[in-house]
Amino acid sequence: MPRNVLTATPVRRALVAVPLTCALVMPLAACNDKDNGSAANATSTANATASPTTEFEKQKLSKTRFVANASLAAGAAYQWIVKPFKAGKFQSGADGRKFALVKAGLAGAFTYNRLKAAVNNAKGDPLLSKAVAPLSDGIESLKGLGSKLAAGSVGAGEIGLFEKVIGGVKDAGKSAGAEVTDKVPSAGELAKGGAPAHLPGQLPGRPEELPAR
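To keep things clear, this report deals only with the structure shown in the data block.

Calculation criteria
Residues numbered from 1 in each chain as written. Predicted model: local features only at pLDDT ≥ 70, side-chain atom pairs only at ≥ 80, totals over all residues. Heavy atoms only, no water. Helix = DSSP H or I, 4+ residues; strand = E, 2+ residues; numbered from the N terminus. Buried < 20%, exposed > 50% of the residue type's maximum accessible area, 1.4 Å probe, protein only. Contact = heavy atoms within 4.5 Å. Areas by Shrake-Rupley, 256 points an atom, 1.4 Å probe, with all protein chains shown as cover. Axes fitted to C-alpha atoms, helices over the stretch in contact; angles between N-to-C directions. Parallel < 35°, antiparallel > 145°, perpendicular 65-115°, else oblique. Left-handed = near helix turned anticlockwise from the far one by under 90°. Nonpolar A, V, L, I, M, F, W, Y, C, P; charged D, E, K, R; others polar. Core = buried A, V, L, I, M, F, W, Y, C linked by side-chain atoms within 4.5 Å. Phe/Tyr/Trp six-rings, centres within 6.5 Å; stacked < 30°, edge-to-face > 60°. Salt bridge = Lys/Arg side-chain N within 4 Å of Asp/Glu carboxyl O. Polar contact = N/O pair within 3.5 Å; in protein donor to acceptor, adjacent residues only side chain to side chain.

**Some remarks on the overall build of the protein chain**
Then, number 1: Scanning the protein chain for helices and strands turns up seven helices and two strands.
Then, number 2: In sequence order, the secondary structure elements of the protein chain are arranged as α-α-α-α-α-α-β-α-β.
Then, number 3: Looking at the 213 residues of the protein chain, the share that counts as buried comes to 31%.
Then, number 4: A sequence separation of at least 24 residues applies to 78% of the contacts in the protein chain between residues at least 6 apart.
Then, number 5: Summing over all exposed atoms, the protein chain offers an accessible surface of approximately 12800 Å²; the carbon and sulfur share of this is 59%.

The structure is reproduced here in structure tokens:
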């Protein structure tokens, strides 16, 4: 075989191999770019969805706090204000009147402070905040009634006001998916006059749930 034919063959093979290699490498590079783009898009999507999840958790926590505070306010108002009043415990000469009035006075301050805290909690959830907003004046009207209760100088009108405000708070909570149920606070909590909750979703102690009325 001629020498020039032998030397030409490897050169031709090399020339053929170059475009073939490029043909194989270029799609792989394109695929890698595509994969990197897909990964970046996935990361962006995950980051975009992280924010609503965080906001949802914040709103959920706000509702939990609202329910905790409002439930204790409702329980205190019923157990030591509404219930004893209807039973005649506040009337002059009634057995245990003095003790009942002291408890009612503490419950009045406790209820007011817990309701104020609940309204503040509601600000973390737009729907709940909107539902509770019209109740601000009614809640504010309860301020100072604790002293009047302790002195035994309240009548059916003031007691009815407690019932009306608590009823409004319950309705507002229910409409926003934050249902309030009556819970009796501990004696220690009542004595503090409604100090702010120590935990985000649950108050100290284990409040007793009242039976259905």
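**Re the environment of Phe 90**
Then, number 1: With respect to the helices and strands, the residue Phe 90 is situated in the loop between α1 (3-86) and α2 (97-122).
Then, number 2: Classification of Phe 90 by relative accessible area gives buried; the value is 9%.
Then, number 3: Separated by ten residues in sequence, Phe 90 and Ala 100 have C-alpha atoms that sit 6.8 Å apart.
Then, number 4: Residues in contact with Phe 90, not counting those within four places in the same chain, are Trp 80, Ile 81, Pro 84, Phe 85, Arg 97, Ala 100, Leu 101, Ala 104, Leu 149 and Ile 159.

**Examining the environment of Lys 143**
Then, number 1: Here Lys 143 is to be found in the loop between α4 (136-140) and α5 (145-151).
Then, number 2: Along the backbone, Lys 143 and Thr 111 are 32 residues apart, and their C-alpha atoms lie at a distance of 9.3 Å.

**Examining the packing of α2 against helix α6 (residues 156-175)**
Then, number 1: In the contact formed by α2 and α6, the axes pass within 12 Å of each other and the chain directions differ by 30 degrees. With respect to α6, the element α2 is oriented roughly parallel. For the pair α2 and α6, the crossing hand works out as left-handed. Contacts from Gly 108, Thr 111 and Leu 115 of α2 reach α6 at Phe 162, Val 165, Ile 166 and Val 169.
Then, number 2: A breakdown of the residues in the contact of α2 with α6 according to their chemical character gives five nonpolar, two polar and no charged.

**Quick notes on the nonpolar core**
Then, number 1: Formed by 41 residues in total, the largest nonpolar core has its most connected members in Phe 66, Leu 115, Ile 139, Leu 149 and Val 169.
Then, number 2: Elements represented by at least two residues in this core include exactly α1, α2, α3 (126-132), α5 and α6.
Then, number 3: In contact with Leu 115, not counting residues within four places along its chain, are Ala 73, Ile 139, Leu 142, Val 165, Ile 166 and Val 169.

**A short note on the packing of aromatic side chains**
Then, number 1: Enumeration over the complete set of coordinates arrives at one aromatic pair.
Then, number 2: A ring pair is formed by Phe 85 and Phe 90, whose centres lie 6.1 Å apart and whose planes are at 55 degrees; its orientation type is tilted.
Then, number 3: Residue classification places Phe 85 among the partly exposed positions, given a relative accessible area of 26%.

**Let's talk about the pattern of salt bridges**
Then, number 1: Following the criterion strictly, the structure yields four salt bridges and no others.
Then, number 2: The partner of Glu 140 in a salt bridge is Lys 116, and the shortest N-O contact between them spans 3.0 Å. Residue Glu 140 is located in helix α4, and its partner Lys 116 is located in helix α2; the two are separated by 24 residues in the primary sequence.
Then, number 3: Of the residues examined, Lys 116 reaches a relative accessible area of 40% and is grouped as partly exposed.
Then, number 4: Lys 148 is paired through a salt bridge with Glu 158; the nearest N and O atoms lie 3.4 Å apart. Of the two residues, Lys 148 sits in helix α5 while Glu 158 sits in helix α6, which places them ten residues apart along the sequence.
Then, number 5: Residue classification places Lys 148 among the partly exposed positions, given a relative accessible area of 33%.
Then, number 6: When its relative accessible area of 22% is taken as the criterion, Glu 158 is described as partly exposed.

**Brief notes about the side chain of Ser 71**
Then, number 1: Among the secondary structure elements, Ser 71 is positioned in helix α1.
Then, number 2: We classify Ser 71 as buried; its relative accessible area is 2%.
Then, number 3: At 3.0 Å, the side chain of Ser 71 forms a polar contact with the backbone oxygen of Thr 181.
Then, number 4: With residues up to four places along the chain from it excluded, the contact list for Ser 71 reads Val 180, Thr 181, Asp 182 and Lys 183.

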